[in-house]
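Residue-level structure breakdown
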Amino acid sequence: MKNKNKRSLTKSNLLLIITIAVFFLMYIGAIIIEGQGFLKPQTFLNILNANAALIITSCGMSIVMITAGIDISVGGVAALVSMCCAVYLDFHDGSVFMSIIIAVLIGLAFGVVQGFLVAYLGIQPFIVSLAGMFFARGMTTIVNTKPFNVANEAFVGLKSTRVVVPGLGTLNKLGKYVDAYVEIGVIVAILIVIVFFCLLRWSKLGRHFYAVGGNEQSALMLGINVKRTKFLAHLLCGLLAGIGGYVYFLHVGSGSASHASGMEMNAIASSIIGGTLLTGGVGNIIGTLFGVLSLSTIQNIVSSAGFDQAWWTGITVAGMLCIFLVIQSVIMNRKKK
Amino acid sequence: MGKTIAKKSDHVNALKSLIGNQIFIPIAALLLLVIFHLIMDPSFFAIKMGTNSAGNAVLSGYLITILDSGSELAILAIGMTLVTAASGGQDISVGATIAIAGSVILRVLCGTNSRPDSLQAPIIVAFLVACVAGMLCGAFNGILVAKFKIQPMVATLILFTAGRSIAAWINNNELPVISDKTFTYFGEYIPGIPIPTPFFIAMACVLVIALVLKFTNLRLYIQSVGINEGASKLNGLNPAFVKFLSFVILGLCVAVAGLIKVSRISTINYSVIAKDIEMDAILAVALGGNALGGGKFNMTASILGAYVIQCLTTTLYKFNVQSDALPAYKAVVVIALVVFSAPMVKEKAAELGKKIKKNKKAGEVA
Amino acid sequence: MKENAVLEMKHIHKSFPGVKALQNVDFTLCEGEIHALMGENGAGKSTLIKVLTGVYGKDQGEIFLKGSEKEVSIKSPQDAQNLGISTVYQEITLCPNLTVAENMFIGRSKGASVNWKMMNRKTEEILQSLDIPAKATQLLSSCSIAIQQMVAIARAVDEDCKVLILDEPTSSLDDQEVQKLFVLMKELRSKGVGIIFVTHFLEQVYEVCDKITVLRDGKLVGEYEIKDLPRVKLVAKMLGKDLDEKEDIRSGQPTFDAQGAAPVFEAEGLKSNAGIQPFNFYINKGEVNGFTGLLGSGRSESVRAIFGADHVLGGKVKMDGKEVKISKPLDAMKNGIAYLPEDRKADGIIGDLSVRENIILTSQVLKGFFHPYSKAESVKIAEEYIDLLDIKTASTETPIGSLSGGNQQKVILARCLLAHPEYLILDEPTRGIDIGTKMDIQKLVLKLASEGMSVTFISSETDEMLNTCSRLIVMRDRKVVGELHESELSQGSIMNAIAGGETE
């Protein structure tokens, strides 16, 4: 009996443990290779600053993947959100508050439509969200062709707001104390991680996501409304893509059709590295968070190790994804036996 | 009296079987586009004889444009149809692997110098190397799908992201330019022939696949594996190999399409070459009435579907839609297509039809 | 509604494309009774239960429950649950990636949040009271199948149900666990719960049930008090014939002269990854033999090992006296072995392909990738076999999926025969098909054998085995435990051998 319990522990948490270990190994590796740069707290915080949007969209991606679905439209949605908000703020002199509402609404709209097609019409999530991705990218161009920086004062003010993290500051070369800071997006990301961790752990809806992903037929037999659950998963993913898009927008401060390119890929990779199974039913928001951190750390290592040409980033992410996919596949196949 | 009724129902049946036929979908879509243009602007169908920049007498007009620029798509549709049928998923990396194949061709032709005065290798050698590269990419996807049993779309997501970076890396991010005129023959015109060469290449590929389907069991094997893997295995097939093979064939198609793409402009733009073509290829397969979940396929319908998509693209261009905005319109078409072919929607429609019939009958009785 | 009835189903009709699964079936369940629902495979038991639990909608008919005057409509499993109808299915319908406690409570509790502490505590209580050796916090996938089954029952019990449906719950339980389950069932009966018990095991029916309803071919045969229906009669009702009117299909068939015939196929210490003990086996030219044993005894796994359908781990195989290597189905096919799989839908038919393509498949693969049959050739072959086996299909191009079960099976049989095998393996060829076709297939087996083909025939129905086989290999608990030869073959001797020599 005891043995069995032990095995179940390994089964559910093995992937998470691997992820956290991979992250720490990588970060230690970075410190060894790159030296002091990575020892500064601000370096770590900058990773957070640059990836807050990715953390948020990855949370949504994990939820959809736990229900055994996928959503590759998130990058497109983020770009569309950036562009719409940028146009609204600059050309229509809009308020920051309304721009946030717009972002959320765009995300929700994608979530609702894609969720409906997947859950209630039974269309493959990949096809639906592939169309969603192309639609969002196309719409971004239709909204405005040329990239531009937002000059709206209120927005620029919000963008440059820095939240000081006490106690992590360092002395700079001149011996002056410099505060460590994070951007507002990071606060939003952390809140969302906490909220969705709790949602998945302690809410009925969260457990229904797992049940549906584990075995759809069984979930139905157990009295779960499978269609509604899948719909809500896509809805949440769309919503988080909208919010993530706004945080991205807040970080870059401009609208462009080529924004957030490859974000869907990074989000999927982060979720998978974080221990979410493609086959559904297994996954964890904390794991996803570490997935994002691992991914961005290795990207930092690659770029600061002299491979700063743009193409290395894509190759690195793809390589990581490939390795983890194969590991997952091997583990799953062994389990079956 | 009875005879006429029987005849009538024969006609109805013939009509039904036509509508029920897969190929009806792309033909209907094509007719729709044709009618649209006949009403809007019949000059769409005009074909003129003119001279191009190289001084050759060539045909021009929208129809020629469709036949010309639809070539890559038609070639890809061949491979995509096989992959879809065998694996029940689609390869979304074709655009990125075209970039790889194109980059390989330029690399071989230019050698280390990015702007050579003369070709460093025969074109045929460059093409063969590109074929190998394309098939390797296909094999990579194929192994992930067939051996590691990863969903095709996720497995191909890897090359989808990395492909263009790899393409840039192959040429050290330089942009080789080929000055040799013979290289343009593949993407433009052969002197003296007024029809663009890509069309001939596409037709050659169609011919090859038609012969392969006729003289081998490829169709039977792929359909069996796509419909029922377990049963195929018990009948001596190797499902993993059949899936792998379909991806390798697609890789070959990608290499051919890559040759045409780079030959058209004699150089390459890594981030733009064959952009969004995966969407069009999937759309062609779907428009051909092939189930995206795998199983039976109709190659003719897919290829016809490819040209219909190109027709749609050309139409949108004609109405001054920007190329970056095209995907938005096509995405709507994709969704419309999959929604109409979704089993659940079909069921609902059938139910509705039954109800209407019932009501009619009830009305008649009353 | 009848007095003290908790459930009444009247005139239930349900059909699927090509099959009438239920025709005008009535069923009544009283308070505090255990009611067996009996029938052969394909009799409509599962369909009836799925209609009752809202998995399938019914085409016609009415369902009444105690406490409501009007008929109730059950559109989803949720509806059924809310009405107090709980089900434990044959295949586990729980989520393997969740804990035991979650599987007990998910989809039931009110409110938006999950109280893990309380859920775990309650679950521990229930598990303890039912003596189930599992922990609340354990992942379900780490439990054995038997425990998963018991968790499912515990869940149903805890739902305060008025009607509890047990759909073959005992097929994966051992004797002790079955006894525990029976204690539980009797306890529930005394509390007034109506239990519908579906099982294949006759002894269990007589041990625990009060009433029996028999279905056959989607129709109601009748409802009986247990004491009015002795075992033999029950079997007769299920099979739709009296035991003594058994047809002698053997007479009039020429028999192959097996005198001095050499073994066509021999295996020594054959072993596969499907969990069967290594076994020895041989079959002579023109012989019909069979594997017999209960469901799950390893009969199918044995023939799968012979054909290379499972991963073969060891053993020597000889074909016509020469040693050969069979590691995958293609090897077996090349050595002249053909195999008709047990699960027709999953392993046999290629649903969307035409009858013609399904028939030529095996021999096409044998002919090779580069030598396809021409269309005309294949049509000719298909027509020939459609005539030979009397397959009822609109044309050679009809998709096989739209044929009836019996005709699908004949197509698969045609596929096997077209490969002209020396040795033919038929695993449950008569499952779920009509009586007429069953007879046809048995006659065909004897005819083939008389022409010199060796056939291994497996069937759950012993009289079919007696009709066809001249030698039976007996299996128990995934082991070959004995052999019965022609002179020893009878219903009784087979039963004894399967049961392990203990006579009742």
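Here the structure is shown first, and the text comes after it.
One structure accompanies this document, and this report is about it. Note that the structure is predicted; figures quoted are calculated from it, not measured.

Here is what the cut-offs are and how they apply
Residues numbered from 1 in each chain as written. Chains lettered and ligands numbered in written order. Predicted model: local features only at pLDDT ≥ 70, side-chain atom pairs only at ≥ 80, totals over all residues. Heavy atoms only, no water. Helix = DSSP H or I, 4+ residues; strand = E, 2+ residues; numbered from the N terminus. Buried < 20%, exposed > 50% of the residue type's maximum accessible area, 1.4 Å probe, protein only. Contact = heavy atoms within 4.5 Å. Areas by Shrake-Rupley, 256 points an atom, 1.4 Å probe, with all protein chains shown as cover. Lys, Arg positive; Asp, Glu negative; His and termini not counted. Charge placed at Lys NZ, Arg CZ, Asp CG, Glu CD. Salt bridge = Lys/Arg side-chain N within 4 Å of Asp/Glu carboxyl O. Polar contact = N/O pair within 3.5 Å; in protein donor to acceptor, adjacent residues only side chain to side chain. Nonpolar A, V, L, I, M, F, W, Y, C, P; charged D, E, K, R; others polar. Patch = residues over 30% accessible without salt bridge, like charges linked within 9 Å, V, L, I, M, F, W, Y side chains within 5 Å. Pairing = 2+ DSSP bridges. Axes fitted to C-alpha atoms, helices over the stretch in contact; angles between N-to-C directions.

A tally of regular secondary structure across chain C gives 17 helices and 19 strands. The principal-axis extent of the C-alpha atoms belonging to chain C is close to 70 × 50 × 45 Å. Taking all 504 residues of chain C together, 54% fall into the buried category. Put simply, of all contacts in chain C between residues at least 6 apart along the chain, 65% involve residues at least 24 apart. Carbon together with sulfur atoms contributes 49% to the accessible area of chain C, which is approximately 22000 Å² in total. In chain C, the 59 positive side-chain charges and the 72 negative ones have mean positions that sit 4 Å from each other.

If you look at the interface, chain B gives 42 residues, while chain A gives 36 residues. Our enumeration of links across chain B and chain A arrives at 0 salt bridges. Connecting chain B to chain A are 1 residue pair in polar contact (both at pLDDT 80 or more). Listed by contribution, the elements that provide at least two residues to the side of chain B that touches chain A are α6 (123-147), α7 (152-170), α12 (277-287), α14 (326-341) and α15 (343-365) of chain B. Residue contributions to the side of chain B that touches chain A peak at 11 residues, all from α7 of chain B. In terms of residue class, the side of chain B that touches chain A is made up of 30 nonpolar, 9 polar and 3 charged.

This brings us to the pattern of salt bridges. Residue and element names in this part refer to chain C. For the coordinates displayed, the defined rule picks out 26 salt bridges over all chains. With a closest N to O distance of 2.6 Å, R471 and E287 form a salt bridge. Linking R471 in strand β18 (residues 471-476) with E287 in the loop between β11 (279-284) and β12 (288-292), this pair joins segments that are 184 residues apart in sequence. There is no split in this pair, since R471 and E287 are both buried. A salt bridge links R356 to E397; its shortest N-O distance comes to 2.7 Å. Linking R356 in helix α12 (residues 355-367) with E397 in the loop between α13 (375-388) and α14 (405-418), this pair joins segments that are 41 residues apart in sequence. For R356, a relative accessible area of 10% corresponds to the buried category.

Moving on, we get to a nonpolar patch on the surface. Judged by side-chain polarity, I27, L31, I35, F36, L38, I39, M40 and F319 of chain B come together as a nonpolar surface patch covering roughly 770 Å² of accessible area. Mapped onto the fold, I27 of chain B is located in helix α2 (residues 24-40).

The next subject is the sheet that holds β18 of chain C. Residues and elements named next belong to chain C. The strand order β15-β16-β17-β12-β18-β19 describes an open sheet built from 6 strands, whose pairing is mixed. Each having just a single partner strand, β15 (337-340) and β19 (479-485) make up the two edges of the open sheet. Recorded for the sheet is a direction-independent mean angle of 20 degrees between the axes of neighbouring strands. Pairing of β12 with strand β17 (residues 454-458) involves 2 bridges; the strand directions are parallel. Within β17, the position partnered with N289 by the bridge is T456.

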